[in-house]
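# Structural features, examined
Okay, here's what each chain looks like letter by letter:
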Amino acid sequence: MQTAYATALENVRGGAAARDEARTLVGMMTTEEKIHCLDGGVPTWEGLRDIGGGGYHLRPFRACWVPRLGIPGFHFSDGPRGVVVGQATAFPVSMARGASFDVNLEERIGDAIGRELRVVGADLYGGVCVNLLRHPAWGRAQETYGEDPHHVGELGAALTRGVQKHVMATVKHFALNSMENARFTVDVQCDERALHEVYLPHFRRIVAEGVAAVMSAYNAVNGEWAGENPGLLTDVLRNEWGFDGMVISDWIFGLRDGVKSVRAGLDVEMPYRMIRHEPVVRALEAGELAISEIEHAVVNSLSTMLRFGVGSLPRNPDSVLLAPAHLGLAREAAAKSMVLLKNDPVGPTPVLPFATSTRRIAVLGRLSDMRNLGDGGSSDVMSPWVVTPLAGLVQRHGSDAVVHYDGDDVARAAEIASTSDVAVVVVGYTKEHEGEFIGDGSETAHLRSLFPSGDDPELVENYRQYMRENHWPVDAEHNMSDRRNPRRARTTDKGDVSFARGGDRTSLRLPPADVELIRAVAERQSRTVVVVVCGSAVVMEEWRTDVPAIVLGWYSGMMGGDALADVLSGDVNPSGRLPFAIPADESHLPFFDKNATSIVYDRWHGQWKLDRDGNVAAYPFGFGLSYTTFRLGSPSVSADGGHVEVEVENTGGVQGECVVQVYGRPVRDGENLPQRTLVGFAKVAVPGGGTTRARVVVSRTALETRDTVNHEMVLAPGEYVLEVSRFAGDPEAATVTVHLA
């Protein structure tokens, strides 16, 4: 006999409104079943034991499960660099992919992740992280795309499009979540203009793309916790933007007041039955909360599931995990993300790409042969192997041509470099330096009184059965060795599923030992290439003039070593561009206190703040070199200002990709606005010595300002200057003026 949910799915496929069908289902539910849909339905203490033992990576997390009516629930797996359940393809971190400036590439990555999610049974992806990079010390900077709202929004929308070909996607963390250590205690104060012009446009863009779910943040915004903030979850998200999906909480401590969270517009507390259940039951029994308020939340969740076909989505075979096409895509993404910051000549030619006469390559540094995918928290992907920089260079050039040393003895490293044709020094950070903050519990001890005192035995047994039926191993005994080439890869270390402490960075500079190694090697080897592994900006002033070549290599995913070899050898022409500005000094950045309990966010951060204050970036937003050079012609703009066209000439001898960037500003004076705002970009391939015409769509919304009287976004009519350039502040930029109505 067909279940009620299956009938609803069939009706929606036949053209019925998902919200109407969801209301019908809710009408069939008991009060207990409705309340069950308000959280993950998993007992608190059993769930905490599971997640503490690595359960985050062993199975998707289920919520809104009502077996009597055939409602399968949705099944959550995190991201954003791949599927965190089981053993999956680890792509470069989002910040690296932001450096690609390639929305087509990001959509393809989303498509691959969506396919792998359907192997492990997940139908809700938590990996569209688009919190703005306000300060590079933020521990989870690597999970977003950069510092610019338009750029972040376009990349996040592309990932959403790709993923939602297969499953539902979640955009997070709504909103103003860009501090890690203080995320459970900080109140972010932000005025209406800065909030809507700087910190929300990218969320609005992804909501417009049709994202299924929004995840609230841990922090408070203007005095109210984000998970129970009606101004964000109802006034802005639902009423102003017209969002029709479901809202879920960030995990475990995503709210404080269960009843208030229901009324504010939070539909599901994730991942367990923790803070809201008992208060909601009491409030309902006392008549302080109407059953209609609970039903509204459940309808939001069920209608979203019905619209996306949850319960009827096809499962993919195991062979889709780590499929050759996905590994190739991870390698392509890593190569296209790497940013060539410096490439000075030594003798007649630049250091990179390696000269054909190169016979001996010294690969140095503690990170040169380390499994180093980035954050060790919720975004960690359990790939069974990783191609390290050393492994990639050995694969490309042969073991006889590569000599390796970890650099512990600086004098020895310098000696090895001096007897080589070129030295590659790999330095930077690991998941211990930056990432999601996994504390010792003291930072959330004050919230544990909100938990129930014990677990419901029936829920415990239901969850244990679910765990038994949905288990994806990540240990070394199941490392898919048939897909591994030991010559090229470092295997998963035992215990790698455990969380790293992570947190906000304590410094924006390299560790002193790295700087010492760079300087010692550069003194003995003129052809020194420094590869920096990181998740956001690194201040390089104390050493960048000592070396001829610098590559921002990022946490580049499981195929990153091959990609690095591709770039250094010239098999791939680097085309990455900075998704943030790198300052010459930390004092040029906004104030940052990782332990703050209250902080004010204004619009001034990154390139915008540098421009306002007259501080020249060491490397500006959008900057990146190539093995060729480009020249932009005179741009033309459409009559309505909707797009710009410009000829891009490759003035060198090899094919390359140029990122054409368009910045806008109003001609009128007196506005408290950035000197230039990114309004469009396009990446175009140009053959050596050839010319390609680039077409860049101009986002009018990127030029909108907030009307604080009517509480809406408006585009002030008038004259706007559009700068067509290769990076922010490009001295060779061409400008064109357009009237926008």
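To be clear, the structure that these remarks concern was listed above.
Remember, it's a predicted structure, so these values are computed and weren't measured experimentally. (Residues numbered from 1 in each chain as written. Predicted model: local features only at pLDDT ≥ 70, side-chain atom pairs only at ≥ 80, totals over all residues. Heavy atoms only, no water.)

## Let's talk about the state of the cysteines
Simply put, the disulfide is a covalent bond whose two ends are the sulfur atoms of two cysteines. Applying the stated rule across the entire model yields zero disulfides. No disulfide involves Cys129; its nearest neighbouring cysteine sulfur is the one of Cys534, lying 17 Å away. (Disulfide = S-S within 2.5 Å.)

## Focus: the packing of helix H6 (residues 103–120) against helix H7 (residues 149–163)
Two packed helices can be described by the angle between their axes and the distance between those axes. Across the interface, H6 lies against H7 with an axial gap of 6 Å and an inter-helix angle of 35°. In this structure, the crossing between H6 and H7 has a hand that is right-handed. Contact residues: H6 offers Val103, Glu106, Glu107, Gly110, Asp111 and Gly114, while H7 offers Glu154, Leu155, Ala158, Leu159, Arg161, Gly162 and Val163. Grouping the amino acids of the contact of H6 with H7 by side-chain chemistry returns five nonpolar, three polar and five charged. (Axes fitted to C-alpha atoms, helices over the stretch in contact; angles between N-to-C directions. Helix = DSSP H or I, 4+ residues; strand = E, 2+ residues; numbered from the N terminus. Left-handed = near helix turned anticlockwise from the far one by under 90°. Contact = heavy atoms within 4.5 Å. Nonpolar A, V, L, I, M, F, W, Y, C, P; charged D, E, K, R; others polar.)

## Remarks on empty space enclosed by the protein
Per the counting criterion, the structure on display carries five cavities of 30 Å³ or more. Taken as a whole, the largest cavity encloses approximately 160 Å³ of empty space. The set of elements that each furnish at least two residues to the lining of the largest cavity consists of strand S18 (528–533) and helix H19 (560–569). Among the elements that make up the lining of the largest cavity, the one with the highest residue count is H19 (three residues). (1 Å grid on protein atoms, 1.4 Å probe; cavity = no way out; pocket = protein on both sides within 12 Å on 5 of 7 lines; lining within 4 Å. Points joined across faces, edges and corners; volume = space filled by probe spheres on them.)

## What to know about the layout of surface pockets
In this structure, the second largest pocket encloses a volume near 510 Å³. Together, 35 residues line the second largest pocket, and Glu197, Pro201, Thr701, Ala702 and Leu703 are the ones closest to its centre. Going through the elements one at a time, H7, helix H8 (192–199), helix H9 (201–209), strand S24 (656–666), strand S25 (677–686) and strand S27 (705–707) are the ones with two or more residues in the lining of the second largest pocket. Residue composition of the lining of the second largest pocket, grouped by class: 15 nonpolar, nine polar and 11 charged.

## Focus: the environment of Glu704
Counting through the fold element by element, Glu704 comes out in the loop between strand S26 (691–697) and S27. What makes Glu704 buried here is its relative accessible area of 15%. Sequence separation of Glu704 and Val714 is 10 residues, and the distance between their C-alpha atoms is 5.2 Å. Beyond its immediate sequence surroundings of up to four residues, Glu704 is in contact with Glu197, Arg204, Met713, Val714 and Leu715. (Buried < 20%, exposed > 50% of the residue type's maximum accessible area, 1.4 Å probe, protein only.)

## Structural notes on the pattern of salt bridges
Enumeration according to the criterion identifies 54 salt bridges in this entry. Taking the shortest distance from any N to any O, the salt bridge between Asp78 and Lys172 comes out at 2.9 Å. Here Lys172 lies in strand S4 (residues 168–174) and Asp78 lies in the loop between strand S2 (71–77) and helix H5 (94–100), a separation of 94 residues in the sequence. Of the two residues examined, Asp78 and Lys172, each falls in the buried class. A salt bridge links Glu461 to Arg468, with the nearest nitrogen and oxygen atoms 3.1 Å apart. Using a relative accessible area of 38% as the deciding quantity, one classes Glu461 as partly exposed. The class for Arg468 is exposed, based on a relative accessible area of 56%. Through salt bridges with shared partners, a single ionic network connects Glu107, Glu154, Arg161, Lys165, Arg205 and Glu209. (Salt bridge = Lys/Arg side-chain N within 4 Å of Asp/Glu carboxyl O.)

## Quick word on the packing of helix H15 (residues 389–397) against H19
The interhelical angle for the contact between H15 and H19, taken along N-to-C directions, is 55°, at an axis separation of 7 Å. Here H15 is positioned oblique relative to H19, judged by the angle of their axes. The handedness of the crossing between H15 and H19 is right-handed. Facing Pro389, Gly392, Leu393, Gln395, Arg396 and His397 of H15, the residues of H19 in contact are Gly561, Asp562, Leu564, Ala565, Leu568 and Ser569. Looking at the contact of H15 with H19 residue by residue, the class counts come to five nonpolar, five polar and two charged. (Parallel < 35°, antiparallel > 145°, perpendicular 65-115°, else oblique.)

## Focus on the side chain of Asp514
Checked against the element boundaries, Asp514 lands in helix H18 (residues 512–524). Within the structure, the side chain of Asp514 is placed 3.1 Å from the backbone nitrogen of Gly428, a separation counted as a polar contact. Ignoring sequence-local partners within four residues, the contact set of Asp514 consists of Arg366, Val427 and Gly428. (Polar contact = N/O pair within 3.5 Å; in protein donor to acceptor, adjacent residues only side chain to side chain.)

## Digging into the sheet that holds strand S20 (residues 598–600)
Strands sit in the order S8-S7-S5-S20 across an open sheet of four strands; the sheet is mixed. Two strands bound the open sheet, and with one partner strand each, they are strand S8 (224–225) and S20. Bridge count for strand S5 (residues 187–189) against S20 is three bridges, and the pairing is parallel. Paired with Gln189 across the bridge in S20 is Val600. (Pairing = 2+ DSSP bridges.)

## Regarding the pairing of S25
Taking burial as the measure, the 10 residues of S25 include nine buried ones, the bulk of the element. Relative to S25, S24 runs antiparallel, the two being bridged by nine bridges. Counted as the bridge partner of Gly664 is Thr677 from S25.

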